[in-house]
Amino acid sequence: MEKKESRPLPHELERMVPKERQKHLEERMREIIDYAYEKAPAVKERFDKAGIKPKDIRTVKDMEKIPMLRKDDLIALQKESPPFGGYLAVPLDNLERIYQSPGPIFDPQRKRGFGGGGMGPDFGKGQIVMNTWSYHITPAGLGVDQLLRSMGFTVVPMGTGNTELQVQVMRDLKVHGFVGTPSFLKIIIDKAEDMGYDFKKDFNLKWAMVGGEMGGEALRKLFQEKYGILCMGGDTYATADVGTVATGCDKQSGMHITADAIVEIVDPTTGKQLEPGEIGEIVVTPFDEVYPLIRFGTGDLSMMVDEPCGCGRTTPRLPKIMGRSGEAVRVRGMFVHPKQTDETIARFPEIRRYQLVVTRPQNRDEMVLKVELADAAADKEKLKSALDKSFRDTCKVRFDRVEFVAQGIITKSGKQIVDERVY
Ligand SMILES: [Zn+2]
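Let me begin by describing the structure that accompanies this report. (Residues numbered from 1 in each chain as written. Predicted model: local features only at pLDDT ≥ 70, side-chain atom pairs only at ≥ 80, totals over all residues. Heavy atoms only, no water.)

What follows covers the overall build of the protein chain. When helices and strands are tallied, the protein chain shows 11 helices and 21 strands. Its C-alpha atoms give the protein chain a radius of gyration of 24 Å, near enough to 22 Å, the size a compact globule of 423 residues would have. Out of the 423 residues in the protein chain, the part that is buried amounts to 48%. In the protein chain, the share of contacts with a sequence separation of at least 24, taken over all contacts with a separation of at least 6, comes to 63%. (Helix = DSSP H or I, 4+ residues; strand = E, 2+ residues; numbered from the N terminus. Rg over C-alpha atoms; globule rule 2.2 N^0.38 Å. Buried < 20%, exposed > 50% of the residue type's maximum accessible area, 1.4 Å probe, protein only. Contact = heavy atoms within 4.5 Å.)

This paragraph deals with the coordination of the zinc ion. Distances from the zinc ion to its protein donors, Cys 249 (SG), His 256 (NE2), Cys 309 (SG) and Cys 311 (SG), fall within 2.1 to 2.3 Å. For the zinc ion, the 4 donor atoms in the first shell make angles of 101 to 113° at the metal, so the coordination geometry reads as tetrahedral. Of note, the donors binding the zinc ion are all from one chain and are spaced C-x6-H-x52-C-x1-C. Linking Cys 249 in the loop between strand 10 (243–248) and strand 11 (255–257) with Cys 311 in the loop between strand 14 (296–302) and strand 15 (317–318), this pair joins segments that are 62 residues apart in sequence. Cys 311 carries the same exposure label as Cys 249, and that label is buried. (Donors = N, O, S within 2.8 Å, 3.2 Å for Na, K, Ca; no water. Tetrahedral: all angles 85-135°; square planar, octahedral: opposite > 155°, others 65-115°.)

Let us look at unusual backbone geometry. With an omega of -5°, the peptide bond running from Pro 82 to Pro 83 counts as cis. Considering the arrangement of structural elements, one finds Pro 83 in the loop between helix 4 (71–80) and strand 2 (98–101). One non-glycine residue, Arg 295, lies in positive phi territory at about 55°. Its place among the elements puts Arg 295 in the loop between strand 13 (280–286) and strand 14.

Moving on: the packing of helix 7 (residues 182–194) against helix 9 (residues 217–227). The interhelical angle for the contact between helix 7 and helix 9, taken along N-to-C directions, is 40°, at an axis separation of 10 Å. Relative to helix 9, the element helix 7 is oriented oblique. Here the hand of the crossing between helix 7 and helix 9 comes out left-handed. Across the interface between the two elements, Pro 182, Ser 183, Leu 185, Lys 186, Ile 189 and Glu 193 from helix 7 touch Leu 219, Leu 222, Phe 223 and Tyr 227 from helix 9. (Axes fitted to C-alpha atoms, helices over the stretch in contact; angles between N-to-C directions. Parallel < 35°, antiparallel > 145°, perpendicular 65-115°, else oblique. Left-handed = near helix turned anticlockwise from the far one by under 90°.)

Ordered in space as 5-4-6-7-8, the 5 strands form an open sheet in which the pairing is parallel. Taken across any chain shown, the strands that pair with only one partner, and hence form the sheet edges, are strand 5 (154–157) and strand 8 (230–232). Taking each pair of neighbouring strands and ignoring which way they run, the sheet shows an average axis angle of 25°. Bridge analysis of strand 6 (residues 177–180) against strand 7 (residues 207–210) gives 4 bridges, and the strand direction is parallel. (Pairing = 2+ DSSP bridges.)

In C-alpha cells:
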C-alpha cells in the first residue's frame, strides 16, 4: 500500500482536533478498503454480494453499507478456505507466525503489537520485565514480548502459571516491571508473602502494566498504595483478530480508541452506527495490510465517550466493556441482558421458568414475559405488578404483558431472551 510522506504519527493523531483527525482516518480507511478489495478475495466477495464498490465508501458513515463480519462468519470461512478464509492479503510465506485463539480461529502475525504509544527503543533500557501473558499458541505473550523489546526492555518470558517460580525469578533477577493481569500479580505477591518475604522490602518491583480483565481498579489501587508499584497504562482492550482497539491513559478515565483503525459502535442487529453514550457492539476495521478484516464485529458491547480527557488526547474513549452482544437484546433503545433478567426473576420464588420474547408488530418492539409458575396457586395479578416494577428498575424498559404458560412450553435449555423480530 502506498504511504503518504506527510502522514501524522499516532501520538499526533491522538491529540488532533477531532475533525482534523477524522480527515486523516477517512483517508486511511479509503486506502485500506481499496487495498483489501484488491488483495483479499473474501473482502471482494463480501462487497460484491452486498452490491457495493470501494468507491461507495468515502466516510465513516458509509461503512454502514458494508455488512459486518462476525466471528462466526470468520470461523466458517476459515473452515471453507483454510487457514484464513480469504482475508489474508499477503502471500503465506510473508507471515512470521500463525496463532490460534478460541473459536477456533487462526490469526496471522501482524506487524502491530499491543500499541507502543510511540515510545522509542531507549524507553526501557536497563530494565528487566517479566511478561506473564501466555506464550503458547495465543498471540498475547509473543505480541507483548515484541513490543517490550522494541521499547528497549529486557524481557523474561515467564508465561502463565508456576507461581512459585514467578516469585523466585522476580526476586533473584530484581525484576523492575511486571506485565500481565492484575489478579495474577496479586497471586504472586500473596505467594511471596506466604513464603515469608516482605514484598516491599525484598523485591524490586517498581511498575506493572496490567490489564486484560474487568474490575482491575481496586487491585491497581492496592498495588500503588500498599506496595508502591506504579501501575501504567490502565486497561487495554485488544482482540486476537484485530489487535489493539483501545488503551487506557494515566487519567484512568476509560480507554482511548486507537488511531490505527476505524472503530464504530453499532446496533448489533442492524449494523447501524449509534450516537456517543449509546451502548452497542464494537466494530473494528484495522489499518492492517496483512489481514484486513473490514468491519469486524467483536461481539463486545461498549459505548463511546467523546468528552475531552485530562491527558491531552482528543480521541474518544470506551469506558469499559459492558458484556457480549450475542446475549443482549436491544429493545426500544435499551439493552436487555440475560444477566439482568435472571437477577430480576430470581426475586420471585413462585416462578420456575421464564422466557422473554421480543417481536416487532407494526414497527414497534414488543416484549412478552412468559412465565411458568412453581406454585399454581400464586396470586397472578399481584405477581404481574411486582414483576412490572422490578423489571423496570433493573432493565430500564417495560415488558408489554405477562403470559402464564403450562409446564413444558419453556424448555430447560431454552434461551432466557428470544428475539423474533423481523426488520
Ligand atoms: Zn486520557
